[in-house]
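Chain by chain, the residues:
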Amino acid sequence: MLPDSWHKVLGDELGKPYFRELTEFVEEERARGPVYPPREEVFAALDATPYDRVKVVILGQDPYHGEGQGHGLAFSVRPGVRIPPSLRNIYKELHAELGCPVPDNGYLMPWAEQGVLLLNAVLTVRAGEANSHKGKGWERFTDEVIRAVAARPDPAVFVLWGAYARKKLPLIDTGRHAVVQGAHPSPLSAKKFFGSRPFTQINEAIAAQGHAPVDWCVPDLGA
């Protein structure tokens, strides 16, 4: 279910042929086997960060495909789930850049609640098969999410890590919105990611837009 704040700007998409076909495809996939995230968490990023509260958009590619991992927020995993390599590298950079202690969890809801939209370009995935729902229609929908944020009078900061995310640059009015680009935090490109100081850049851009900075330090959840 699309949250109310987003339904006002994206509701028309749900009635379009491509979205109906996408919905049918995902339901057929669920009938065959596990699909992540669960049905009720597909729009979790939009649910956690209402349209009018978005300060930052961090774009991922598709959900984690391991059991219990993907829960609808890009780069995030549920409490108690092993921290994936890309997120571990994000934490390393946060520690080096801002002094944030490395937390005992990968749950990024504290970011989302501060206005950080953790948006994957593709919102579902077949268990164990990365990019298995690529090209089925999600990209068209999430492009509209990006356009909707970019169309607001209130500026935001768009974070584009890696070549895939940078392809979304034409959707953003860079005259009104700030863009932070850089290497992806995955182990394949982490050497370029480390030391790039993205979180300082983001907070400086937020401050220039008149918003309160994000507290990027993720708290421990304990046992």
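Just so it is clear, the structure is predicted and the values come from calculations on it, not from any experiment.

A. Representation of the pattern of salt bridges in the model. For the structure on display, the rule yields 9 salt bridges. Arg-126 is the salt-bridge partner of Glu-29, the closest N and O atoms lying 2.6 Å from each other. Here Glu-29, found in helix 2 (residues 17–32), pairs with Arg-126, found in strand 4 (residues 125–126); they are 97 residues apart in sequence, far enough to count as distant. Here Arg-126 falls in the partly exposed class, since its relative accessible area comes to 25%.

B. Quick peek at helix 2. For helix 2, built from 16 residues, the straight-helix expectation of 22 Å at 1.5 Å per residue is met to within 8% by its first-to-last C-alpha distance of 23 Å. On its buried side, helix 2 packs onto strand 1 (35–36), strand 4 and helix 6 (138–151).

C. View of the side chain of Arg-152. Relative to the helices and strands, Arg-152 resides in the loop between helix 6 and strand 5 (157–161). Here Arg-152 sits buried without a salt bridge, and the closest side chain of opposite charge, Asp-154, lies 4.5 Å off (N-O distance). Arg-152 has contacts with Tyr-51, Asp-52, Arg-53, Val-54, Arg-176 and His-177, leaving out every residue within four places of it along the chain.

D. Just the state of the cysteines, in detail. Taken as a whole, this structure holds 1 disulfide when the rule is applied. Through a disulfide, Cys-100 is tied to Cys-217; the S-S separation comes to 2.1 Å. Taking the sign of the S-S torsion, -75 degrees for the link of Cys-100 and Cys-217, the bridge is left-handed. Within this pair, whereas Cys-100 is found in the loop between helix 4 (85–98) and helix 5 (109–112), its partner Cys-217 is found in the segment after helix 9 (198–208), the two being separated by 117 residues in sequence. Cys-217 gets classed as partly exposed once you look at its relative accessible area, which sits at 31%.

E. Here's a closer look at the nonpolar core. Residues Trp-6, Phe-43, Leu-117, Trp-138 and Phe-141 are the most contacted members of the largest nonpolar core, which totals 35 residues. Looking at this core, the elements that each hand over two or more residues are helix 1 (4–10), helix 2, helix 3 (44–48), strand 2 (56–60), strand 3 (116–120), helix 6, strand 5 and helix 7 (162–166). Sorting elements by how many residues they give to this core places helix 6 first, with 7 residues. Here Trp-6 is in contact with Gly-11, Leu-46, Thr-49, Pro-50, Tyr-51, Val-54, Leu-117, Val-145 and Val-149, once residues within four sequence places are set aside.

F. Spatial organisation of the layout of surface pockets. Quantified by volume, the largest pocket comes out at close to 410 Å³. Every residue lining the largest pocket is counted, 22 residues in all, and those nearest its centre are Gln-61, Asp-62, Phe-75, Ser-86 and His-184. Counting residues per element, the ones that place at least two in the lining of the largest pocket are strand 2 and helix 7. In terms of residue count, the dominant contributor to the lining of the largest pocket is helix 7 (4 residues). The residue makeup of the lining of the largest pocket, split by class, is 12 nonpolar, 9 polar and 1 charged.

G. Spatial organisation of the sheet that holds strand 3. On the basis of which strands lie adjacent, the open sheet formed by 4 strands has the order 3-2-5-6 and parallel pairing. Unpaired on one side and paired on the other, strand 3 and strand 6 (178–182) mark the two borders of the sheet. Ignoring strand direction, the axes of neighbouring strands in this sheet form an average angle of 20 degrees.

The rules behind each value
- Counting from 1, residues in each chain are numbered in the order their sequence is written.
- Local features are withheld for residues below a pLDDT of 70 in this predicted model, meaning they are given only at 70 or higher, and side-chain atom pairs are given and counted only at 80 or more; totals for whole chains, interfaces and linings count all residues.
- To obtain the side-chain values, all non-hydrogen atoms of the structure were used and water was disregarded.
- The term salt bridge refers to a pairing of a side-chain nitrogen on Lys or Arg with a carboxyl oxygen on Asp or Glu at a separation within 4 Å.
- Helix and strand labels come from DSSP, where a helix needs a run of H or I of at least four residues and a strand needs a run of E of at least two; each type is numbered from the N terminus.
- A 1.4 Å probe rolled over the protein chains alone gives each residue an accessible area, and that area as a share of the maximum for its type sets the label: buried under 20%, exposed over 50%, partly exposed in between.
- One less than the number of residues in a helix, times 1.5 Å, gives the span that helix is expected to have.
- Between two residues, a contact is recorded if the distance between any of their heavy atoms is within 4.5 Å.
- Positive charges come from Lys and Arg alone, negative charges from Asp and Glu alone, with His and the N- and C-terminal ends not counted.
- Disulfides are defined as pairs of cysteine sulfur atoms found within 2.5 Å of each other.
- The nonpolar core is taken to be a set of buried Ala, Val, Leu, Ile, Met, Phe, Trp, Tyr and Cys residues, with the residues joined through side-chain atoms within 4.5 Å.
- Every definition here rests on a 1 Å grid over the protein atoms only: cavities are sets of points where a 1.4 Å probe fits but cannot get out, pockets are open sets enclosed by protein on both sides within 12 Å along at least five of seven lines, and lining residues have some atom within 4 Å of a point.
- Grid points are joined across faces, edges and corners, and a volume is the space filled by probe spheres set on the points.
- Think of it as three bins: nonpolar holds Ala, Val, Leu, Ile, Met, Phe, Trp, Tyr, Cys and Pro, charged holds Asp, Glu, Lys and Arg, and polar takes everything else, Gly as well.
- Strand pairing follows a simple DSSP-based rule, namely that at least 2 bridges must link the two strands.
- Every axis corresponds to a line fitted to the C-alpha atoms, with the helix fit spanning only the stretch in contact, and the corresponding angles, defined between N-to-C directions, vary from 0 to 180 degrees.

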